[in-house]
Amino acid sequence: SRSLNEIPSDTPPFASITLWHVFEHLDDLNTSLVRIKALLAKEGRLFIAVPNRASWDCNYYGAHWAAWDVPRHFWHFRNQDIARLLEHHGFKIETTRNMWLDAFFIALLSEKYKGKPPWSAWPLAAIRGGYSNLLALFKLRPTSSTLYIAKLG
(Lines give C-alpha, C1' and ligand atoms only; values in the text may rest on other atoms or scores of the structure.)
Protein backbone atom coordinates (compact mmCIF):
# COMPACT_ATOMS: atom_id res chain seq x y z
CA SER A 1 0.00 0.00 0.00
CA ARG A 2 1.11 3.56 -0.69
CA SER A 3 0.44 6.81 1.07
CA LEU A 4 -1.74 9.38 -0.66
CA ASN A 5 1.29 11.52 -1.43
CA GLU A 6 3.04 8.66 -3.22
CA ILE A 7 0.29 8.37 -5.83
CA PRO A 8 1.47 10.23 -8.96
CA SER A 9 -0.63 13.29 -9.78
CA ASP A 10 -1.03 12.08 -13.39
CA THR A 11 -2.79 8.91 -12.21
CA PRO A 12 -6.22 8.54 -13.85
CA PRO A 13 -9.02 9.53 -11.44
CA PHE A 14 -10.41 6.83 -9.18
CA ALA A 15 -14.08 5.82 -9.42
CA SER A 16 -14.05 5.14 -5.70
CA ILE A 17 -11.77 5.63 -2.74
CA THR A 18 -12.37 3.64 0.42
CA LEU A 19 -11.16 4.52 3.89
CA TRP A 20 -12.41 1.53 5.84
CA HIS A 21 -11.43 2.32 9.43
CA VAL A 22 -8.54 4.41 8.09
CA PHE A 23 -9.80 8.00 8.35
CA GLU A 24 -9.42 8.17 12.13
CA HIS A 25 -5.73 7.21 11.71
CA LEU A 26 -4.82 10.08 9.36
CA ASP A 27 -2.88 12.79 11.13
CA ASP A 28 -3.90 15.63 8.79
CA LEU A 29 -7.52 15.25 7.70
CA ASN A 30 -7.69 18.49 5.74
CA THR A 31 -4.59 17.79 3.64
CA SER A 32 -5.75 14.20 3.11
CA LEU A 33 -9.20 15.31 1.91
CA VAL A 34 -7.66 17.83 -0.51
CA ARG A 35 -5.53 15.01 -1.98
CA ILE A 36 -8.46 12.56 -2.06
CA LYS A 37 -10.60 15.14 -3.85
CA ALA A 38 -7.86 15.57 -6.46
CA LEU A 39 -7.64 11.79 -7.00
CA LEU A 40 -11.38 11.14 -7.19
CA ALA A 41 -13.27 11.12 -10.51
CA LYS A 42 -15.94 13.78 -10.92
CA GLU A 43 -18.71 11.18 -10.51
CA GLY A 44 -16.68 9.09 -8.05
CA ARG A 45 -17.60 8.07 -4.54
CA LEU A 46 -15.75 8.32 -1.26
CA PHE A 47 -16.46 5.61 1.33
CA ILE A 48 -15.46 6.38 4.93
CA ALA A 49 -16.10 3.90 7.74
CA VAL A 50 -15.29 5.13 11.25
CA PRO A 51 -16.27 4.41 14.85
CA ASN A 52 -19.08 6.66 16.07
CA ARG A 53 -18.44 8.37 19.41
CA ALA A 54 -22.16 9.11 19.77
CA SER A 55 -22.96 5.38 19.98
CA TRP A 56 -24.47 3.85 23.09
CA ASP A 57 -21.50 1.56 23.62
CA CYS A 58 -19.09 4.54 23.62
CA ASN A 59 -21.12 6.06 26.43
CA TYR A 60 -21.48 2.75 28.26
CA TYR A 61 -17.81 1.75 28.18
CA GLY A 62 -16.44 5.26 28.70
CA ALA A 63 -12.65 5.19 28.94
CA HIS A 64 -12.69 1.44 28.17
CA TRP A 65 -14.41 1.88 24.79
CA ALA A 66 -12.09 0.03 22.43
CA ALA A 67 -12.69 2.42 19.53
CA TRP A 68 -10.95 5.26 21.36
CA ASP A 69 -7.79 3.31 20.47
CA VAL A 70 -5.44 6.11 21.47
CA PRO A 71 -2.75 6.79 20.25
CA ARG A 72 -3.54 5.03 16.94
CA HIS A 73 -6.82 6.92 16.49
CA PHE A 74 -6.11 10.62 16.17
CA TRP A 75 -9.78 11.56 15.68
CA HIS A 76 -13.18 10.53 17.06
CA PHE A 77 -16.30 11.41 15.12
CA ARG A 78 -20.04 11.87 15.36
CA ASN A 79 -22.28 12.05 12.28
CA GLN A 80 -22.30 15.85 12.29
CA ASP A 81 -18.48 15.99 12.53
CA ILE A 82 -18.01 13.93 9.37
CA ALA A 83 -20.77 15.83 7.55
CA ARG A 84 -19.25 19.22 8.39
CA LEU A 85 -15.73 18.15 7.45
CA LEU A 86 -16.76 16.61 4.14
CA GLU A 87 -18.96 19.58 3.26
CA HIS A 88 -16.05 21.93 3.97
CA HIS A 89 -14.05 20.02 1.33
CA GLY A 90 -16.76 20.01 -1.33
CA PHE A 91 -18.28 16.60 -0.64
CA LYS A 92 -21.90 15.78 -0.03
CA ILE A 93 -22.93 12.72 1.95
CA GLU A 94 -25.13 10.67 -0.32
CA THR A 95 -26.06 8.08 2.26
CA THR A 96 -24.93 6.43 5.49
CA ARG A 97 -24.99 2.79 6.47
CA ASN A 98 -25.03 1.20 9.89
CA MET A 99 -22.18 -1.21 10.52
CA TRP A 100 -24.03 -3.72 12.67
CA LEU A 101 -21.25 -6.22 13.29
CA ASP A 102 -18.82 -3.63 14.63
CA ALA A 103 -20.87 -3.31 17.83
CA PHE A 104 -20.05 -6.88 18.81
CA PHE A 105 -16.35 -6.63 18.02
CA ILE A 106 -15.93 -3.27 19.78
CA ALA A 107 -17.90 -4.58 22.79
CA LEU A 108 -15.73 -7.69 22.96
CA LEU A 109 -12.53 -5.66 22.97
CA SER A 110 -14.03 -3.21 25.47
CA GLU A 111 -14.98 -6.04 27.83
CA LYS A 112 -11.40 -7.32 27.62
CA TYR A 113 -10.08 -3.80 28.34
CA LYS A 114 -12.29 -3.80 31.44
CA GLY A 115 -10.44 -6.95 32.51
CA LYS A 116 -13.20 -9.49 31.86
CA PRO A 117 -12.01 -13.05 31.24
CA PRO A 118 -12.95 -14.60 27.87
CA TRP A 119 -15.68 -16.80 29.38
CA SER A 120 -17.61 -13.69 30.42
CA ALA A 121 -16.37 -11.20 27.80
CA TRP A 122 -17.96 -13.09 24.90
CA PRO A 123 -21.52 -13.31 26.26
CA LEU A 124 -21.38 -9.76 27.67
CA ALA A 125 -20.19 -8.47 24.28
CA ALA A 126 -23.08 -10.26 22.58
CA ILE A 127 -25.59 -8.71 25.00
CA ARG A 128 -24.12 -5.20 24.99
CA GLY A 129 -23.37 -5.15 21.26
CA GLY A 130 -26.91 -6.38 20.63
CA TYR A 131 -28.38 -3.72 22.89
CA SER A 132 -26.35 -1.01 21.16
CA ASN A 133 -27.64 -2.23 17.80
CA LEU A 134 -31.21 -2.38 19.10
CA LEU A 135 -31.02 1.30 20.04
CA ALA A 136 -29.63 2.05 16.58
CA LEU A 137 -32.39 0.03 14.93
CA PHE A 138 -34.96 2.30 16.58
CA LYS A 139 -32.82 5.36 15.72
CA LEU A 140 -32.25 6.24 19.36
CA ARG A 141 -28.45 6.17 18.98
CA PRO A 142 -26.08 5.55 16.06
CA THR A 143 -24.34 2.21 15.62
CA SER A 144 -20.81 1.70 16.96
CA SER A 145 -19.42 2.46 13.51
CA THR A 146 -20.93 4.25 10.55
CA LEU A 147 -20.18 4.06 6.84
CA TYR A 148 -20.49 7.37 4.98
CA ILE A 149 -20.82 7.38 1.20
CA ALA A 150 -20.04 10.78 -0.28
CA LYS A 151 -19.71 12.35 -3.70
CA LEU A 152 -18.33 15.62 -4.94
CA GLY A 153 -20.97 18.21 -5.00
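Right above here is the structure, for reference.
Remember, predicted model here, so these are calculated numbers, not experimental data.

So, on to the overall build of the chain. Along the chain, the regular secondary structure elements total five helices and four strands. When its helices and strands are written in sequence order, the chain yields β-α-β-α-α-β-α-α-β. Considered along the principal axes of its C-alpha atoms, the chain spans approximately 55 × 30 × 20 Å. Taking all 153 residues of the chain together, the buried fraction comes to 42%. Accessible surface, the chain as shown: approximately 8,800 Å² in total, 59% of it carbon and sulfur. For the chain, the distance from the average site of its 18 positive side-chain charges to the average site of its 13 negative ones is 6 Å.

Within the element layout of this structure, His89 appears in the loop between α3 (79–88) and β3 (91–98). Leaving out residues up to four positions away in the same chain, His89 has contacts with Asn30, Leu33, Val34 and Lys37.

A few words now on the sheet that holds strand β4 (residues 145–152). In any sheet, the strands associate via hydrogen bonds between backbone groups, in a parallel or an antiparallel arrangement. Strand order in the open sheet made by the four strands is β1-β2-β4-β3, with mixed pairing throughout. One side of each edge strand has no neighbouring strand; the edge strands of this open sheet are β1 (14–20) and β3. In this sheet, neighbouring strand axes are inclined to one another by 15 degrees on average, regardless of whether the strands run parallel or antiparallel. Two strands pair when backbone bridges link them, and β1 and strand β2 (residues 40–51) are joined in this way by six bridges, in the parallel orientation. Directly across from Ser16, in β2, lies its bridge partner Arg45. Contacting β2, β3 and β4, α3 crosses the sheet at an angle of about 155 degrees to β3.

Before going further, it helps to examine unusual backbone geometry. Peptide bonds are, in most cases, trans, and in most cases residues other than glycine have a negative phi. Cis peptide bonds are those with omega within 30 degrees of zero, and the linkage from Val70 to Pro71 qualifies with 10 degrees. Along the chain, the position of Pro71 falls in the loop between α2 (56–61) and α3. Unusually for a residue other than glycine, Asp69 sits at a positive phi of about 40 degrees. You can see Asp69 is positioned in the loop between α2 and α3. The buried category is assigned to Asp69, whose relative accessible area is 17%. At Lys139, a residue that is not glycine, the phi angle is positive and equals roughly 60 degrees. Looking at the element boundaries, Lys139 is found in the loop between α5 (118–137) and β4. Lys139 gets classed as exposed once you look at its relative accessible area, which sits at 72%.

How each quantity is defined
- Counting restarts for each chain: residues are numbered from 1 in the order of the written sequence.
- Residues qualify for local features only when their pLDDT is at least 70, as the model is predicted, and side-chain atom pairs are given and counted only at 80 or more; totals for whole chains, interfaces and linings, by contrast, use all residues.
- To get the side-chain values, take all heavy atoms of the structure and skip hydrogens and water.
- Strands are runs of DSSP state E lasting at least 2 residues, helices are runs of H or I lasting at least 4, and numbering of each runs from the N terminus.
- Relative accessibility under 20% of the residue-type maximum defines a buried residue, over 50% an exposed one, and the middle range a partly exposed one, all with a 1.4 Å probe and only protein chains included.
- We get accessible surface area from the Shrake-Rupley algorithm with a probe of 1.4 Å; when it comes to residues, only the shown protein chains can shield them.
- The charge count includes Lys and Arg as positive and Asp and Glu as negative, but it does not include His or the ends of the chains.
- We put the charge of a Lys on NZ, of an Arg on CZ, of an Asp on CG and of a Glu on CD.
- The contact criterion used is simple: two residues touch if any of their non-hydrogen atoms lie within 4.5 Å.
- Paired strands, in this sense, are two strands between which DSSP finds at least two bridges.
- Axis lines are fitted to C-alpha atoms, over the contacting stretch for helices. Their N-to-C directions set the angle, which ranges from 0 to 180 degrees.

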